[in-house]
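Secondary and tertiary structure notes
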Amino acid sequence: MTFRLTPSRSGGVLWCVAFLHSADKTACLQGRVDGFPLRAGEPQDIDLVFDVADHSDHCRTPLDLTDLAFVVEGTIEVASRHEWAIRYHLVP
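Worth saying up front: this structure is predicted, and the values here are computed from it rather than measured.

**With respect to the side chain of Asp 67**
Mapped onto the fold, Asp 67 is located in strand β6 (residues 63-74). The buried category is assigned to Asp 67, whose relative accessible area is 14%. Filtering out sequence-adjacent residues up to four positions away, Asp 67 remains in contact with Phe 19, Leu 20, His 21, Ser 22, Lys 25, Trp 84, Ala 85 and Ile 86.

Printed below as a string of structure tokens:
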């Protein structure tokens, strides 16, 4: 997935991480990128590959994914968390 960050202030990002959650709010898939600088008003696209999986019984296919959370960890100016409701149904 690609996320576009358009910061209102400049600052350093330590990392970005996103989680795809199952209906019971288990983070079944995770994607992460390392830090980078952001400049105020300059959009920056972040590509995340969901390549870390939770192999618990809550995340076995078939699987309904219901939520996406995206976290930017960094200086106080750029740290944030956003959540969206989604609906994906994964089948073997």
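**Focus on the sheet that holds strand β3 (residues 27-38)**
The strand order across the open sheet formed by five strands is β5-β3-β2-β6-β7, and the pairing between neighbours is antiparallel. The sheet is open, and its two edges are formed by β5 (52-53) and β7 (80-90), each paired on a single side. Relative to β7, β6 is paired through nine bridges, and the arrangement is antiparallel. If you follow Val 72 over to β7, its bridge partner there is Ser 80.

**Remarks on the nonpolar core**
Counting 20 residues, the largest nonpolar core has Leu 5, Val 13, Cys 16, Ala 18, Phe 36, Leu 68 and Phe 70 as its most contacted members. Put simply, the parts of the chain that give this core at least two residues each are β1 (2-5), β2 (11-22), β3 and β6. Each residue touching Phe 36, except ones within four places of it in the same chain, is listed here: Leu 5, Gly 11, Gly 12, Val 13, Cys 16, Gln 44 and Ile 46.

**Observations concerning a nonpolar patch on the surface**
Taken together, the side chains of Met 1, Tyr 88 and Leu 90 present a nonpolar region at the surface, about 240 Å² in accessible area. Positionally, Met 1 belongs in the segment before β1. We classify Met 1 as partly exposed; its relative accessible area is 36%.

**Details of the packing of aromatic side chains**
Taken as a whole and assessed by the stated rule, the structure comprises two aromatic pairs. With a centroid separation of 4.2 Å and an interplanar angle of 15°, the aromatic rings of Phe 3 and Phe 70 are classed as stacked. Taken together, the residues Phe 3 in strand β1 and Phe 70 in strand β6 connect sequence positions 67 residues apart. With relative accessibility at 10%, the residue Phe 3 sits in the buried group. The exposure class assigned to Phe 70 is buried, which follows from its relative accessible area of 3%.

Conventions we followed
- Residues numbered from 1 in each chain as written.
- Predicted model: local features only at pLDDT ≥ 70, side-chain atom pairs only at ≥ 80, totals over all residues.
- Heavy atoms only, no water.
- Helix = DSSP H or I, 4+ residues; strand = E, 2+ residues; numbered from the N terminus.
- Buried < 20%, exposed > 50% of the residue type's maximum accessible area, 1.4 Å probe, protein only.
- Contact = heavy atoms within 4.5 Å.
- Pairing = 2+ DSSP bridges.
- Core = buried A, V, L, I, M, F, W, Y, C linked by side-chain atoms within 4.5 Å.
- Patch = residues over 30% accessible without salt bridge, like charges linked within 9 Å, V, L, I, M, F, W, Y side chains within 5 Å.
- Areas by Shrake-Rupley, 256 points an atom, 1.4 Å probe, with all protein chains shown as cover.
- Salt bridge = Lys/Arg side-chain N within 4 Å of Asp/Glu carboxyl O.
- Phe/Tyr/Trp six-rings, centres within 6.5 Å; stacked < 30°, edge-to-face > 60°.

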